[in-house]
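Reading the structure
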Amino acid sequence: VYNLGISKGEIKEFFDRTLYAKQNGPLDVPIRESIEFLSSNGFILMAKNGKYRTSPLGDLTAKLYVSPRTALSFIRAGEELKKWDDPTLPIICLLESSEDMDPKLASRRKDEVELYQLLSVEYELEPFLSDDCSSRTFLALYGWVNEQSEQELLDRLGVEPGDMYRMIESARWIVYAYSRLARIIGISSESFELPMIRIQKGVRKDVASLASLSGIGRRRARALYEAGYHNLLELSQANDVEIASKVKGFSLVLARKVIREAREKLGLET
(Lines give C-alpha, C1' and ligand atoms only; values in the text may rest on other atoms or scores of the structure.)
Protein backbone atom coordinates (compact mmCIF):
# COMPACT_ATOMS: atom_id res chain seq x y z
CA VAL A 1 0.00 0.00 0.00
CA TYR A 2 1.37 3.40 -1.00
CA ASN A 3 2.40 5.94 1.70
CA LEU A 4 -0.50 8.21 0.74
CA GLY A 5 -2.90 5.29 0.67
CA ILE A 6 -4.67 3.49 -2.12
CA SER A 7 -8.36 3.27 -2.86
CA LYS A 8 -10.34 0.11 -3.52
CA GLY A 9 -10.80 1.24 -7.11
CA GLU A 10 -7.04 1.68 -7.57
CA ILE A 11 -6.45 -1.79 -6.13
CA LYS A 12 -8.95 -3.27 -8.57
CA GLU A 13 -7.44 -1.33 -11.47
CA PHE A 14 -3.97 -2.67 -10.62
CA PHE A 15 -5.06 -6.32 -10.48
CA ASP A 16 -7.24 -6.02 -13.57
CA ARG A 17 -4.04 -5.38 -15.55
CA THR A 18 -2.33 -8.58 -14.40
CA LEU A 19 -1.95 -11.71 -16.52
CA TYR A 20 -3.84 -13.67 -13.86
CA ALA A 21 -6.89 -11.43 -14.29
CA LYS A 22 -6.65 -11.66 -18.08
CA GLN A 23 -6.66 -15.46 -17.85
CA ASN A 24 -9.21 -15.88 -15.03
CA GLY A 25 -11.56 -12.92 -15.36
CA PRO A 26 -12.60 -10.25 -12.82
CA LEU A 27 -11.12 -10.51 -9.34
CA ASP A 28 -13.75 -8.49 -7.48
CA VAL A 29 -14.59 -11.23 -4.97
CA PRO A 30 -11.01 -12.20 -3.92
CA ILE A 31 -10.07 -8.49 -3.76
CA ARG A 32 -13.02 -7.75 -1.49
CA GLU A 33 -12.29 -10.77 0.72
CA SER A 34 -8.60 -9.87 0.97
CA ILE A 35 -9.36 -6.28 1.95
CA GLU A 36 -11.85 -7.48 4.57
CA PHE A 37 -9.31 -9.95 5.99
CA LEU A 38 -6.48 -7.42 6.15
CA SER A 39 -8.71 -4.72 7.60
CA SER A 40 -10.46 -6.86 10.23
CA ASN A 41 -7.14 -8.26 11.46
CA GLY A 42 -5.33 -4.94 11.72
CA PHE A 43 -2.96 -5.14 8.75
CA ILE A 44 -4.48 -2.15 6.93
CA LEU A 45 -6.35 0.95 8.10
CA MET A 46 -8.76 3.33 6.45
CA ALA A 47 -7.19 6.80 6.27
CA LYS A 48 -9.16 10.05 6.56
CA ASN A 49 -9.00 10.45 2.79
CA GLY A 50 -10.93 7.21 2.37
CA LYS A 51 -7.92 5.25 1.18
CA TYR A 52 -6.26 2.20 2.71
CA ARG A 53 -2.85 2.39 4.38
CA THR A 54 -0.76 -0.27 6.08
CA SER A 55 -0.79 -0.35 9.87
CA PRO A 56 2.48 -0.81 11.80
CA LEU A 57 1.67 -4.55 11.88
CA GLY A 58 0.99 -4.65 8.15
CA ASP A 59 4.12 -2.67 7.37
CA LEU A 60 6.32 -4.97 9.48
CA THR A 61 4.73 -8.11 8.01
CA ALA A 62 5.41 -6.87 4.48
CA LYS A 63 9.03 -6.03 5.31
CA LEU A 64 9.56 -9.51 6.79
CA TYR A 65 8.29 -11.17 3.58
CA VAL A 66 5.87 -13.47 5.41
CA SER A 67 2.18 -13.82 4.70
CA PRO A 68 -0.36 -12.02 6.90
CA ARG A 69 -1.80 -15.41 7.88
CA THR A 70 1.61 -16.50 9.18
CA ALA A 71 1.86 -13.32 11.23
CA LEU A 72 -1.72 -13.64 12.47
CA SER A 73 -1.38 -17.26 13.63
CA PHE A 74 1.70 -16.28 15.62
CA ILE A 75 0.04 -13.25 17.21
CA ARG A 76 -3.01 -15.29 18.20
CA ALA A 77 -0.76 -17.85 19.90
CA GLY A 78 1.21 -15.16 21.72
CA GLU A 79 -0.39 -15.42 25.15
CA GLU A 80 0.11 -19.19 25.24
CA LEU A 81 3.69 -18.90 23.99
CA LYS A 82 4.52 -16.63 26.94
CA LYS A 83 3.94 -19.59 29.28
CA TRP A 84 6.78 -21.65 27.78
CA ASP A 85 10.39 -21.30 29.00
CA ASP A 86 11.47 -23.04 25.81
CA PRO A 87 8.87 -22.32 23.10
CA THR A 88 10.61 -24.48 20.47
CA LEU A 89 7.92 -27.16 20.24
CA PRO A 90 4.87 -24.86 20.05
CA ILE A 91 6.76 -22.79 17.48
CA ILE A 92 7.24 -25.94 15.41
CA CYS A 93 3.46 -26.40 15.52
CA LEU A 94 3.04 -22.87 14.13
CA LEU A 95 5.71 -23.49 11.49
CA GLU A 96 3.93 -26.61 10.31
CA SER A 97 0.76 -24.64 9.59
CA SER A 98 2.47 -21.61 8.03
CA GLU A 99 1.88 -21.18 4.30
CA ASP A 100 5.44 -19.82 4.15
CA MET A 101 6.90 -23.18 5.19
CA ASP A 102 8.53 -24.92 2.24
CA PRO A 103 8.31 -27.76 1.52
CA LYS A 104 5.05 -28.92 3.08
CA LEU A 105 5.18 -32.70 3.22
CA ALA A 106 2.09 -34.72 2.31
CA SER A 107 1.04 -36.80 5.31
CA ARG A 108 0.48 -40.52 5.26
CA ARG A 109 -1.87 -42.47 7.47
CA LYS A 110 1.01 -43.78 9.59
CA ASP A 111 2.26 -40.19 10.12
CA GLU A 112 -1.14 -39.21 11.50
CA VAL A 113 -1.10 -42.22 13.82
CA GLU A 114 2.40 -41.34 15.05
CA LEU A 115 1.38 -37.73 15.69
CA TYR A 116 -1.69 -38.90 17.62
CA GLN A 117 0.53 -41.10 19.80
CA LEU A 118 2.98 -38.25 20.34
CA LEU A 119 0.21 -35.86 21.41
CA SER A 120 -0.88 -38.32 24.09
CA VAL A 121 2.43 -37.45 25.75
CA GLU A 122 2.98 -33.89 24.47
CA TYR A 123 -0.69 -32.98 24.99
CA GLU A 124 0.14 -29.31 25.68
CA LEU A 125 1.05 -28.91 22.01
CA GLU A 126 -2.39 -29.79 20.67
CA PRO A 127 -3.85 -26.24 20.89
CA PHE A 128 -1.01 -24.98 18.68
CA LEU A 129 -1.64 -27.44 15.85
CA SER A 130 -3.88 -26.51 12.94
CA ASP A 131 -6.94 -28.54 11.98
CA ASP A 132 -5.31 -29.48 8.67
CA CYS A 133 -1.97 -30.27 10.29
CA SER A 134 0.79 -31.60 8.04
CA SER A 135 1.73 -34.45 10.35
CA ARG A 136 4.89 -35.39 8.47
CA THR A 137 6.19 -31.81 8.41
CA PHE A 138 5.68 -31.50 12.16
CA LEU A 139 7.21 -34.90 12.90
CA ALA A 140 10.26 -34.11 10.76
CA LEU A 141 10.94 -30.84 12.59
CA TYR A 142 10.17 -32.45 15.95
CA GLY A 143 12.62 -35.25 15.21
CA TRP A 144 15.25 -32.79 14.01
CA VAL A 145 15.27 -30.68 17.21
CA ASN A 146 15.41 -33.91 19.21
CA GLU A 147 18.64 -34.91 17.46
CA GLN A 148 17.32 -37.60 15.18
CA SER A 149 19.77 -38.10 12.34
CA GLU A 150 19.06 -37.40 8.69
CA GLN A 151 19.18 -41.15 8.07
CA GLU A 152 16.62 -41.79 10.81
CA LEU A 153 14.30 -39.14 9.36
CA LEU A 154 14.71 -40.66 5.91
CA ASP A 155 14.06 -44.22 7.09
CA ARG A 156 11.11 -43.38 9.36
CA LEU A 157 9.44 -40.46 7.59
CA GLY A 158 10.82 -40.64 4.07
CA VAL A 159 12.22 -37.11 4.32
CA GLU A 160 15.14 -36.62 1.95
CA PRO A 161 18.14 -34.65 3.31
CA GLY A 162 17.62 -31.97 0.65
CA ASP A 163 14.01 -31.46 1.72
CA MET A 164 15.06 -31.37 5.36
CA TYR A 165 17.63 -28.68 4.58
CA ARG A 166 15.01 -26.57 2.80
CA MET A 167 12.60 -26.98 5.71
CA ILE A 168 15.25 -25.84 8.19
CA GLU A 169 16.14 -22.78 6.12
CA SER A 170 12.46 -21.92 5.70
CA ALA A 171 11.86 -22.40 9.44
CA ARG A 172 14.80 -20.19 10.36
CA TRP A 173 13.39 -17.30 8.35
CA ILE A 174 9.90 -17.67 9.79
CA VAL A 175 11.25 -17.85 13.36
CA TYR A 176 13.25 -14.69 12.68
CA ALA A 177 9.99 -13.06 11.54
CA TYR A 178 8.32 -14.27 14.75
CA SER A 179 11.10 -12.66 16.81
CA ARG A 180 10.44 -9.32 15.10
CA LEU A 181 6.66 -9.60 15.43
CA ALA A 182 7.01 -10.59 19.09
CA ARG A 183 7.40 -6.99 20.22
CA ILE A 184 3.85 -6.28 19.10
CA ILE A 185 2.48 -8.77 21.64
CA GLY A 186 4.94 -8.03 24.43
CA ILE A 187 7.36 -10.92 24.02
CA SER A 188 11.08 -10.30 24.10
CA SER A 189 12.93 -11.14 20.89
CA GLU A 190 15.51 -12.92 23.09
CA SER A 191 12.86 -15.58 23.74
CA PHE A 192 13.48 -16.84 20.22
CA GLU A 193 17.24 -17.35 20.53
CA LEU A 194 16.85 -20.87 21.96
CA PRO A 195 14.32 -22.04 19.34
CA MET A 196 16.49 -20.56 16.59
CA ILE A 197 19.58 -22.48 17.76
CA ARG A 198 17.65 -25.72 18.19
CA ILE A 199 16.09 -25.46 14.74
CA GLN A 200 19.28 -24.36 13.00
CA LYS A 201 21.55 -26.94 14.62
CA GLY A 202 19.04 -29.72 15.31
CA VAL A 203 19.77 -30.10 19.03
CA ARG A 204 17.97 -30.67 22.28
CA LYS A 205 17.75 -27.91 24.86
CA ASP A 206 20.54 -29.28 27.08
CA VAL A 207 23.26 -28.67 24.46
CA ALA A 208 21.80 -25.59 22.77
CA SER A 209 24.21 -23.15 24.42
CA LEU A 210 27.17 -25.24 23.24
CA ALA A 211 25.71 -25.49 19.74
CA SER A 212 25.45 -21.69 19.61
CA LEU A 213 29.23 -21.55 19.12
CA SER A 214 30.51 -21.24 15.57
CA GLY A 215 31.79 -24.52 14.14
CA ILE A 216 29.85 -26.56 16.69
CA GLY A 217 27.08 -28.69 15.26
CA ARG A 218 24.91 -31.29 16.94
CA ARG A 219 27.58 -34.00 17.11
CA ARG A 220 30.32 -31.83 18.56
CA ALA A 221 27.90 -30.18 21.00
CA ARG A 222 26.75 -33.59 22.23
CA ALA A 223 30.35 -34.83 22.44
CA LEU A 224 31.31 -31.83 24.59
CA TYR A 225 28.30 -32.39 26.84
CA GLU A 226 29.04 -36.08 27.31
CA ALA A 227 32.68 -35.25 28.11
CA GLY A 228 31.49 -33.13 31.04
CA TYR A 229 31.28 -29.64 29.52
CA HIS A 230 27.59 -28.90 30.03
CA ASN A 231 27.43 -25.17 29.40
CA LEU A 232 29.43 -22.15 28.28
CA LEU A 233 30.76 -21.44 31.77
CA GLU A 234 32.21 -24.93 32.17
CA LEU A 235 33.64 -24.73 28.66
CA SER A 236 35.18 -21.31 29.30
CA GLN A 237 37.09 -22.77 32.26
CA ALA A 238 38.27 -25.85 30.37
CA ASN A 239 41.79 -26.78 29.32
CA ASP A 240 42.32 -26.83 25.55
CA VAL A 241 44.73 -29.77 25.64
CA GLU A 242 42.27 -31.78 27.72
CA ILE A 243 39.40 -31.12 25.28
CA ALA A 244 41.52 -32.02 22.26
CA SER A 245 42.65 -35.26 23.88
CA LYS A 246 39.33 -36.57 25.18
CA VAL A 247 36.56 -35.12 23.00
CA LYS A 248 36.04 -36.74 19.62
CA GLY A 249 36.24 -34.38 16.67
CA PHE A 250 38.26 -31.67 18.42
CA SER A 251 41.73 -30.57 17.44
CA LEU A 252 43.80 -28.31 19.66
CA VAL A 253 43.06 -25.37 17.37
CA LEU A 254 39.29 -25.95 17.57
CA ALA A 255 39.44 -26.45 21.33
CA ARG A 256 41.17 -23.11 21.78
CA LYS A 257 38.70 -21.44 19.46
CA VAL A 258 35.57 -22.65 21.29
CA ILE A 259 37.02 -21.84 24.71
CA ARG A 260 37.80 -18.31 23.54
CA GLU A 261 34.34 -17.85 22.00
CA ALA A 262 32.66 -19.18 25.16
CA ARG A 263 34.59 -16.64 27.20
CA GLU A 264 33.63 -13.88 24.79
CA LYS A 265 29.93 -14.78 25.01
CA LEU A 266 30.15 -14.65 28.81
CA GLY A 267 32.02 -11.37 28.75
CA LEU A 268 35.12 -12.93 30.28
CA GLU A 269 37.52 -12.34 27.36
CA THR A 270 39.51 -9.11 27.60
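Everything numeric here is computed off the predicted structure, so don't read it as measured data.

**Focus on helix 12 (residues 193–201)**
Every buried residue of helix 12 is accounted for by P195, M196, I197, R198, I199 and K201. In this fold, the buried residues of helix 12 make contact with helix 7 (88–97), helix 9 (135–145), helix 11 (161–181), helix 13 (208–211) and helix 14 (218–226). Phi for G202, located one or two positions after helix 12, is positive at around 70°.

**Description of unusual backbone geometry**
The omega angle of the peptide bond from D102 to P103 is 0°, so this bond is cis rather than trans. Considering the arrangement of structural elements, one finds P103 in the loop between helix 7 and helix 8 (109–119). At E147, a residue that is not glycine, the phi angle is positive and equals roughly 70°. Position of E147 among the secondary structure elements: in the loop between helix 9 and helix 10 (150–157).

**A closer look at the layout of surface pockets**
What the second largest pocket holds in volume is close to 370 Å³. Taken together, 18 residues form the lining of the second largest pocket, with S73, L94, S97, S98 and S130 sitting closest to its centre. Secondary structure elements with two or more residues in the lining of the second largest pocket: helix 5 (68–76) and helix 7. Counting residues per element, the lining of the second largest pocket draws most heavily on helix 5, at 4 residues. The residue inventory of the lining of the second largest pocket, partitioned by class, reads 4 nonpolar, 7 polar and 7 charged.

**Overview of the pattern of salt bridges**
Inspection of every chain in the model, using the stated rule, returns 20 salt bridges. For D16, the salt bridge goes to K12, with nearest N and O atoms at 2.7 Å. Of the two residues, D16 and K12 are both situated in helix 1 (residues 8–16); the distance of 4 residues between them amounts to about one turn of the helix. You can call K12 partly exposed: its relative accessible area is 30%. For D111, the salt bridge is made with R136, and the minimal N-O distance between the two is 3.7 Å. Of this pair, D111 sits in helix 8 while R136 sits in helix 9; the two residues are 25 residues apart in sequence, bridging distant segments of the chain. R136 shares its class with D111; the two are buried.

**Looking at the nonpolar core**
Among the nonpolar cores identified, the biggest contains 51 residues, and F74, L81, L95, F138, M164, Y178 and F192 are the most heavily contacted of them. Top element by residues in this core is helix 11. It accounts for 9 residues. Residues contacting F192, with those up to four places away along its chain left out, are F74, I91, V175, Y178, S179, A182 and I187.

Cut-offs applied
In this numbering scheme, every chain counts its residues from 1 along its sequence in written order. Totals for whole chains, interfaces and linings use every residue, but because this is a predicted model, local features are given only for residues with pLDDT of at least 70 and side-chain atom pairs only at 80 or more, for both listing and counting. To obtain the side-chain values, all non-hydrogen atoms of the structure were used and water was disregarded. Burial classification: accessible surface area is computed with a 1.4 Å probe over protein chains only, and a residue below 20% of its type maximum counts as buried, one above 50% as exposed, and the rest as partly exposed. We count a stretch as a helix when DSSP gives it H or I for four or more residues in a row; a strand needs E for two or more, and each element gets its number in order from the N terminus. Only heavy atoms enter the contact rule, under which two residues are in contact if any of them lie within 4.5 Å. Cavities and pockets are defined on a 1 Å grid built over the protein atoms alone: a cavity is a set of grid points where a 1.4 Å probe fits but cannot escape, while a pocket is an open set with protein on both sides within 12 Å along at least five of seven lines, and lining residues are those with an atom within 4 Å of any such point. Grid points are joined across faces, edges and corners, and a volume is the space filled by probe spheres set on the points. Residue classes follow a fixed rule: Ala, Val, Leu, Ile, Met, Phe, Trp, Tyr, Cys and Pro count as nonpolar, while Asp, Glu, Lys and Arg count as charged, and any other residue, Gly among them, counts as polar. Criterion for a salt bridge: a side-chain nitrogen of Lys or Arg within 4 Å of a carboxyl oxygen of Asp or Glu. What makes a nonpolar core is a set of buried Ala, Val, Leu, Ile, Met, Phe, Trp, Tyr and Cys residues whose side-chain atoms join them at distances within 4.5 Å.

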